[in-house]
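Observations on chain architecture
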Amino acid sequence: MQNFVFHNPTKLIFGENTIEIIGKEISKNSIKRVLLLYGGGSIKKNGVYDAVVKSLKENHIEFVEHSGVVPNPVLSHANEGISLCKRNNLEAILAVGGGSVIDEAKSIAAGYYLNNLWDAFERKAEIKDALPIFTILTISGTGSEMNPFAVLTNELDKKKWNIGAACLYPKVTIIDPRIQMSLPWSQTVNGGIDAISHILEYYFNSTVQEVSISVSEALIKTIVLCLDKLQVNQNNYPARANLAWAATLALNGFVGASTLGEWTAHRIEHGISAIYPEIAHGAGLAVVFPAWISYTKNTNPSQYERFAKNVWNCYSLDEALVAMKSKYSSWGAPVSLRDLNIPKEKIGEIAHNASRLGVVGNLLPLTEKEMAEILDLAY
């Protein structure tokens, strides 16, 4: 087992009726002016917006709104947010939404101190400082509420790339699972599959980190169980709460302690949604991840066999992959490129897009050619 350091500075406040605390938490950090960042306006329909505004006003915190974050957040909108922060002398960012909103908040926070935000994504500029970030999570899945990573799309160049820096951990995150009851079912499913994928990015690269491996298996089975329950009753609060907490734990550093991440499936999915931005990240991962597992199964056979037995109660990996895809399909998720309406002749373009940052993979380093072969399996 390798040495490691586990440190997560995000303060997480979890439970019902916790949104009203946000103003007080921001005020504790001596912040008086924030950028209120959110998406298409669903927070104005479910009461979240009113609760946030009330809390900010009660704590004498001024705010400038920046709405319109899209499901795969884009560079142009983030740059607009940076300009708003500078023009209005804003001191922090309050992201209210899912992973896309939080990822854009991190991008704006970092870009505030950079000459060119995209240089950080191109690895041409180092992120050394950022505006403080506060989040209210309305969709569980990405784990962005408690980690230092963000993904953004340069819509002109069709590049969907990531950044990471210690200063991008949110200061405070609030998760009220009850507000997620109004989500469309597809968003709940996409979030759950995204969380499972985060866990698996570490799981297959593990060998001796028994604590994290065992916790990972329990988290995956918990997510599956909660999604099954929510498919019957989307207002099942215990299922909502357990799903939300599992999704946060999937990528807050705990299950990845002492283990290298294996981010090939995510890179390939970014290649898909950079070209097809209407495709949700979780939906793309539902298609790519089983194909990646099948392609790499000989790299760490004992761990793949353990996955089959302990997660899916199957005797072989092939049987487990059938069970996995069947479960995803039962939730209404796509399991092939055909389900996403992507023609086979697009595979080469997607693989090329996914390989633009170079070779990826720890278990099995993959170039554009191998990525195309995985996409072919996913067709």
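Above this text is the structure in question.
These lines cover the structure that appears in this document, whether it is placed above or below. (Residues numbered from 1 in each chain as written. Predicted model: local features only at pLDDT ≥ 70, side-chain atom pairs only at ≥ 80, totals over all residues. Heavy atoms only, no water.)

1. Some remarks on the overall build of the chain
A tally of helices and strands in the chain yields 14 helices and eight strands. Rg of the C-alpha trace for the chain: 20 Å, near the compact-globule value of 21 Å for 379 residues, within the 12% margin. Once the C-alpha set of the chain is aligned to its principal axes, its extents read approximately 60 × 45 × 45 Å. Expressed as a percentage of the 379 residues in the chain, the buried residues total 58%. Considering only residue pairs separated by 6 or more positions, the chain has 78% of its internal contacts joining residues 24 or more positions apart. (Helix = DSSP H or I, 4+ residues; strand = E, 2+ residues; numbered from the N terminus. Rg over C-alpha atoms; globule rule 2.2 N^0.38 Å. Buried < 20%, exposed > 50% of the residue type's maximum accessible area, 1.4 Å probe, protein only. Contact = heavy atoms within 4.5 Å.)

2. A few points about the packing of helix α9 (residues 264-275) against helix α14 (residues 368-378)
α14 packs onto α9 with a crossing angle of 75° between their chain directions and a minimal axis gap of 11 Å. When the interaxial angle is binned, α9 and α14 end up roughly perpendicular. Seen from α9, the contacting residues are R267, I268 and I272; seen from α14, they are M371, I374 and L375. (Axes fitted to C-alpha atoms, helices over the stretch in contact; angles between N-to-C directions. Parallel < 35°, antiparallel > 145°, perpendicular 65-115°, else oblique.)

3. Section: helix α7 (residues 210-232)
Over its 23 residues, α7 extends 34 Å from the first C-alpha to the last, a length consistent with the 33 Å expected when each residue adds 1.5 Å. Among the residues of α7, those classed as buried are S212, I213, S216, E217, L219, I220, I223, V224, C226, L227 and L230. Contacts made by the buried residues of α7 are with α6 (185-203), α8 (237-249), α11 (301-312) and α12 (317-330). (Expected span 1.5 Å × (residues − 1).)

4. Things to note about the packing of helix α10 (residues 281-296) against α12
Interhelical geometry of α10 versus α12 gives an angle of 180° and a closest axis separation of 11 Å. As far as their axial angle goes, α12 and α10 are roughly antiparallel. Contacts between α10 and α12 pair A286, P290, I293 and S294 from the former with L317, L321, M324, K325 and Y328 from the latter. Broken down by class, the residue content of the contact of α10 with α12 amounts to seven nonpolar, one polar and one charged. (Nonpolar A, V, L, I, M, F, W, Y, C, P; charged D, E, K, R; others polar.)

5. A few points about the environment of E126
You can see E126 is positioned in the loop between α5 (117-121) and β5 (133-137). Between the C-alpha atoms of E126 and S42, which are 84 residues apart in sequence, the distance is 35 Å.

6. A closer look at the sheet that holds strand β1 (residues 11-14)
In a beta sheet, neighbouring strands pair by backbone hydrogen bonds and run either parallel or antiparallel. Spatially, the six strands line up as an open sheet ordered β1-β8-β5-β4-β2-β3, and their pairing is parallel. Lying at the two open borders of the sheet, with one neighbouring strand each, are β1 and β3 (62-66). Within this sheet the neighbouring strands show an average axis-to-axis angle of 20°, counted without direction. Across the face of the sheet, helix α4 (residues 99-111) comes into contact with β2 (33-37), β3, β4 (92-97) and β5 while running at roughly 165° to β4. (Pairing = 2+ DSSP bridges.)

7. A word on the side chain of H66
Turning to its location among the elements, H66 is positioned in strand β3. Residue H66 is classed as buried on the basis of its relative accessible area of 6%. Looking at H66, its side chain comes within polar contact range of the main-chain nitrogen of G81, at 3.4 Å. Aside from chain neighbours lying at most four places away, what touches H66 is L35, L36, L37, Y38, H77, E80, G81, L84, E104 and I108. (Polar contact = N/O pair within 3.5 Å; in protein donor to acceptor, adjacent residues only side chain to side chain.)

8. What about the environment of I213?
Within the secondary structure, I213 is located in helix α7. The buried category is assigned to I213, whose relative accessible area is 1%.

9. Here we look at α11
Given 3.6 residues per helical turn, the α-helix brings residues three or four places apart onto the same face. The end-to-end C-alpha distance of α11 is 16 Å, a good match for the 16 Å that 12 residues give at a rise of 1.5 Å each. On its buried face, α11 is in contact with α6, α7, α10 and α12. Once α11 finishes, N313 follows within two positions and takes phi at roughly 55°, a positive value.

10. Focus: the layout of surface pockets
The computed volume of the second largest pocket comes to approximately 260 Å³. Lining the second largest pocket are 16 residues, and of these V5, Y169, Y202, G253 and G256 lie nearest its centre. Considering only residue class, the lining of the second largest pocket consists of nine nonpolar, seven polar and no charged. (1 Å grid on protein atoms, 1.4 Å probe; cavity = no way out; pocket = protein on both sides within 12 Å on 5 of 7 lines; lining within 4 Å. Points joined across faces, edges and corners; volume = space filled by probe spheres on them.)

11. Considerations on the packing of aromatic side chains
All chains considered together, the criterion is met by 14 aromatic pairs. Put simply, the rings of Y203, F204, F289, W292, Y304 and F307 touch in pairs and so form one group of aromatic residues. It is K44 that lies over the ring of Y49; its NZ or CZ is 4.8 Å from the centre. One Lys or Arg, R338, reaches over the ring of Y379 and ends 5.1 Å from the middle of that ring. (Phe/Tyr/Trp six-rings, centres within 6.5 Å; stacked < 30°, edge-to-face > 60°. Lys NZ or Arg CZ within 6 Å of the ring centre and 35° of its normal.)

12. Description of unusual backbone geometry
At K158, a position not held by glycine, the phi torsion is positive, near 55°. Structurally, K158 is set in the loop between β6 (149-154) and β7 (159-164). The backbone of N341 shows a phi angle near 60°, a positive value even though the residue is not glycine. Among the secondary structure elements, N341 is positioned in the loop between α12 and α13 (347-354). With relative accessibility at 65%, the residue N341 sits in the exposed group.

13. Here's the deal with the pattern of salt bridges
Enumeration over the complete set of coordinates arrives at 13 salt bridges. Across the pair E217 and R306 runs a salt bridge, and its minimum N-O distance is 2.6 Å. Taken together, the positions of E217 in helix α7 and R306 in helix α11 put the pair 89 residues apart, joining distant regions of the chain. A relative accessible area of 7% places E217 in the buried class. (Salt bridge = Lys/Arg side-chain N within 4 Å of Asp/Glu carboxyl O.)

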